[in-house]
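What follows is the residue order along each chain.
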Amino acid sequence: MSGTPLPPQHTVSALAPDTQPPAQGFLSHTLSLRLPRDLNMLWTVGAMLLVVLALMVASGLTLALSYTPDANLAFSTVEALERRAPSGWLLRSLHITGASFFMLALYLHVFRGLCYRSYAPPRRGLWLVGVMLLVMVMVTAFAGYVLPWGQMSYWGADVAGKAVGAIPLIGPLLESVFLGGDSPGTPTLHRMFVLHFTLAFSIVGAVILHVAVLHAKGSNSPSGIKGQAAAQSLPFHPYFTVKDLLGVVLMGMAFTAVMCFWPQLVTEPANYRPANPLHTPADIEPEWYFLPFYGMLQAVPSKFFGLLISGGAVVVLLCVPWLDNRQNSSPIWLRYGRVAGLALGMLVVSFIVAGLAGRHHVQGGWLWAGRLATFGYYAYFLGFLPWQARAARKGVSA
Ligand code: HEM
């Protein structure tokens, strides 16, 4: 690009305090921390996750002040808060919309990690803590969905209980521990309430660990260069604080728009009817963010194997650093661009189609779509990643 060159005092290299003595102590770990200069907007999703987590904890604690984990009272106390308490609707909407944004941001965050191979050494531990966080967030979201005790809460708990009950030998015991009886009821609500808030605080602890490990190992970058050297890095403040702030503000706008204008995107009308054990809804389905796993669960005729395939879809993420065991953290498309692009596309399409199949109860043509999507999802991890790692080692060009 041509144009009048900026005077030296306005160029990035002049702004970067490369010539200043390195910051000491607390500052060197926070505002003066040096990060690779080529981090793109996908690296702001971590900051969005932190903000939504804070929002979830704050709104959750406030909601808990008026919640009663009793099958006869849960629905009416939640409805009373929503309809009669001042700004009660806002509090509840923040928590419900926050759950969807949290999951969306998490999927993006994981996808970023897969694209740029942030799971490669030296960040394997960071990746493992991340997958542990993903599981904790999923369990917390599930437990939270049971709490308002609407139709979907009740029947969701029922389906989950039966799925757990299908595990050979220990299944029935696990099911009765989970439900606290033969069917969902007040003991189930107590369990879910305790699980929901203890896990929420454990997530805060695990996030602190996650960020501490990140600090110890350093950020990856789109170019895969570990940019701690002065020429390739910039201080966290003001460069990345401003970028993170931009990401958070954009997310805040999308959040507000969904919460105020399209709440139907993140809520299920059936859950605004009180739980009725005598009336099974025609369509029992989880929240949108669990649909891909629900699709995989249903794509297999056996309940137990369905559970294995669906749970395995998360567990396989734990194995990613070893399935693709290359030592450098270059982006996935660096060497075999076209094949990697196709493979990533297949992964994304498979995840979405599995979700659509889950939504359509894996019936008719959706049964085969669900099976194909499950195959495509696993093919990325168990086929493409090991193949690519092996091919890279042998130096074979695709
Ligand atoms: C509660 C959930 C989570 C929170 C609040 C969180 C927060 C963060 C933050 C603030 C960063 C630094 C900024 C960035 O790189 O985006 C980060 C980096 C990272 N996170 Fe997470 N994270 C969460 C879950 C996960 C999950 C589920 C995974 C993977 C399975 C993961 C893997 C990573 C990796 C590999 C990095 C380093 C990325 C790089 O430098 O390239 N995180 N996380």
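Residues numbered from 1 in each chain as written. Predicted model: local features only at pLDDT ≥ 70, side-chain atom pairs only at ≥ 80, totals over all residues. Heavy atoms only, no water.

**Student:** Tell me about the nonpolar core, and name the residues and values.
**Tutor:** Among the nonpolar cores identified, the biggest contains 68 residues, and Y377, Y380, F381 and L385 are the most heavily contacted of them. Ranked by residue count, the leading element in this core is helix α5 (residues 88-115), at eleven residues. Inspection of this core shows a minimum of three residues originating in each of domain 1 (31-284) and domain 2 (292-398). Setting aside chain neighbours within four positions, we find F381 in contact with L114, V316, L317, V320, L323, L347 and P386. (Core = buried A, V, L, I, M, F, W, Y, C linked by side-chain atoms within 4.5 Å. Buried < 20%, exposed > 50% of the residue type's maximum accessible area, 1.4 Å probe, protein only. Helix = DSSP H or I, 4+ residues; strand = E, 2+ residues; numbered from the N terminus. Domains from an automatic or database assignment. Contact = heavy atoms within 4.5 Å.)

**Student:** Explain the site of the ligand to me, using residue names and the numbers behind them.
**Tutor:** Among the 21 residues in the neighbourhood of the ligand, the closest are listed as H109, S118, G130, H210 and N220. With respect to the ligand, the side chain of H109 contributes an N or O atom lying 2.8 Å from a nitrogen atom. A distance of 2.8 Å separates an oxygen atom of the ligand from a polar atom in the backbone of N220. Only α3 (45-64), α5, α6 (124-146) and α9 (186-217) provide two or more residues apiece to the shell around the ligand. Counting residues per element, the shell around the ligand draws most heavily on α6, which supplies six residues. (Near = heavy atom within 4 Å. Polar contact = N/O pair within 3.5 Å; in protein donor to acceptor, adjacent residues only side chain to side chain.)

**Student:** Would you mind going over the confidence of the model for the protein chain in detail, with residue names and values included?
**Tutor:** The predicted model of the protein chain has a mean per-residue pLDDT of 91, with 92% of residues at 70 or higher. The low-confidence segment residues 1-19 (pLDDT under 50) makes 16 contacts with residues lying over four places distant or belonging to another chain. (pLDDT = per-residue confidence, 0-100.)

**Student:** Give a detailed account of the coordination of the iron atom of the ligand, specifying residues and quantitative values.
**Tutor:** Bound to the iron atom of the ligand on the protein side are H109 (NE2) and H210 (NE2), at distances that span 2.0 to 2.1 Å. In this structure, the iron atom of the ligand is coordinated by six donor atoms arranged in octahedral fashion, with angles at the metal of 84 to 179 degrees. Of the two residues, H109 is situated in helix α5 and H210 in helix α9; the sequence distance between them amounts to 101 residues. (Donors = N, O, S within 2.8 Å, 3.2 Å for Na, K, Ca; no water. Tetrahedral: all angles 85-135°; square planar, octahedral: opposite > 155°, others 65-115°.)

**Student:** I'd love a proper account of the packing of aromatic side chains, names of residues and values included.
**Tutor:** Aromatic rings in a pair are described by how distant their centres are and how their planes are angled relative to each other. In this structure the tally under the stated criterion is 22 aromatic pairs. Taken together, a centroid distance of 4.9 Å and an interplanar angle of 50 degrees make the contact between W43 and Y116 tilted. Taken together, the positions of W43 in the loop between β1 (34-36) and α3 and Y116 in the loop between α5 and α6 put the pair 73 residues apart, joining distant regions of the chain. For the pair formed by W43 and Y116, the shared burial category is buried. Taken together, the ring pairs in this structure connect Y107, F293, Y336, F351, Y377, Y378, Y380, F381, F384 and W387 into an aromatic cluster. Directly above the aromatic system of W43 lies the positively charged group of R112, at a separation of 4.6 Å from the ring centroid. (Phe/Tyr/Trp six-rings, centres within 6.5 Å; stacked < 30°, edge-to-face > 60°. Lys NZ or Arg CZ within 6 Å of the ring centre and 35° of its normal.)

**Student:** Mind laying out unusual backbone geometry, listing which residues take part and the relevant values?
**Tutor:** A cis geometry characterises the amide bond from P121 onward to P122, with omega recorded as 10 degrees. Checked against the element boundaries, P122 lands in the loop between α5 and α6. At the junction of H237 and P238, the peptide bond is cis and its omega measures out at 10 degrees in the coordinates. Along the polypeptide, P238 turns up in helix α10 (residues 236-261). Its identity as a non-glycine residue notwithstanding, R117 has a phi of 50 degrees, on the positive side. Checked against the element boundaries, R117 lands in the loop between α5 and α6. With phi around 60 degrees, W149 is a residue other than glycine that occupies positive phi space. By the secondary structure assignment, W149 is in the loop between α6 and α7 (151-165).

**Student:** Kindly report on the domain arrangement of the protein chain, identifying the contributing residues and their values.
**Tutor:** What the domain assignment reports for the protein chain is domain 1 (31-284) and domain 2 (292-398). Placing the centre of domain 1 and that of domain 2 at their C-alpha centroids yields a distance of 23 Å. Tallying the contact residues gives 31 residues for domain 1 and 29 residues for domain 2. Approximately 2,600 Å² of surface area, both sides summed, lies buried where domain 1 meets domain 2, with 69% of it carried by carbon and sulfur atoms. Our count for the domain 1 to domain 2 interface comes out at one salt bridge. Where domain 1 packs against domain 2, one counts ten residue pairs in polar contact (both at pLDDT 80 or more). When contributions to the side of domain 1 that touches domain 2 are tallied by element, the ones reaching two or more residues are α5, α6 and α7. By residue number, the principal contributor to the side of domain 1 that touches domain 2 is α6, which donates seven residues. Residues belonging to the side of domain 1 that touches domain 2 are distributed by class as follows: 23 nonpolar, three polar and five charged. (Buried area = accessible area lost by both parts, 1.4 Å probe. Salt bridge = Lys/Arg side-chain N within 4 Å of Asp/Glu carboxyl O. Nonpolar A, V, L, I, M, F, W, Y, C, P; charged D, E, K, R; others polar.)

**Student:** Residues and numbers for the pattern of salt bridges, please.
**Tutor:** In this structure the tally under the stated criterion is seven salt bridges. Between D324 and R117 there is a salt bridge; the shortest N-O distance is 2.7 Å. Residue D324 is found in the loop between α12 (303-323) and α13 (337-359), and its partner R117 is found in the loop between α5 and α6; the two are separated by 207 residues along the sequence. R326 is the partner of D324 in a salt bridge, and the nearest nitrogen-oxygen pair spans 3.1 Å. Each of E79, E82, R83 and R92 takes part in salt bridges that share partners, so that together they form one network.

**Student:** How would you summarise a nonpolar patch on the surface if you had to cite specific residues and measurements?
**Tutor:** On the surface, a nonpolar cluster with roughly 560 Å² of combined accessible area is contributed by M41, L245, L246, V249, L250 and M253. Position of M41 relative to the elements: it lies in the loop between β1 and α3. (Patch = residues over 30% accessible without salt bridge, like charges linked within 9 Å, V, L, I, M, F, W, Y side chains within 5 Å. Areas by Shrake-Rupley, 256 points an atom, 1.4 Å probe, with all protein chains shown as cover.)

**Student:** Help me get a handle on the environment of A120, residues and values and all.
**Tutor:** Relative to the helices and strands, A120 is located in the loop between α5 and α6. The spatial distance from the C-alpha of A120 to the C-alpha of L307 is 29 Å, given a sequence separation of 187 residues.

**Student:** For α9, give the residues involved together with the corresponding values.
**Tutor:** Under the 1.5 Å per step criterion, the end-to-end length of α9 is 46 Å for 32 residues, consistent within 8% with the ideal 46 Å. What α9 keeps buried is the set T188, L189, M192, F193, H196, L199, I203, A206, V207, H210 and V213. Those residues of α9 hidden inside the fold are in contact with α3, α4 (74-83), α5, α6 and α8 (171-179). (Expected span 1.5 Å × (residues − 1).)

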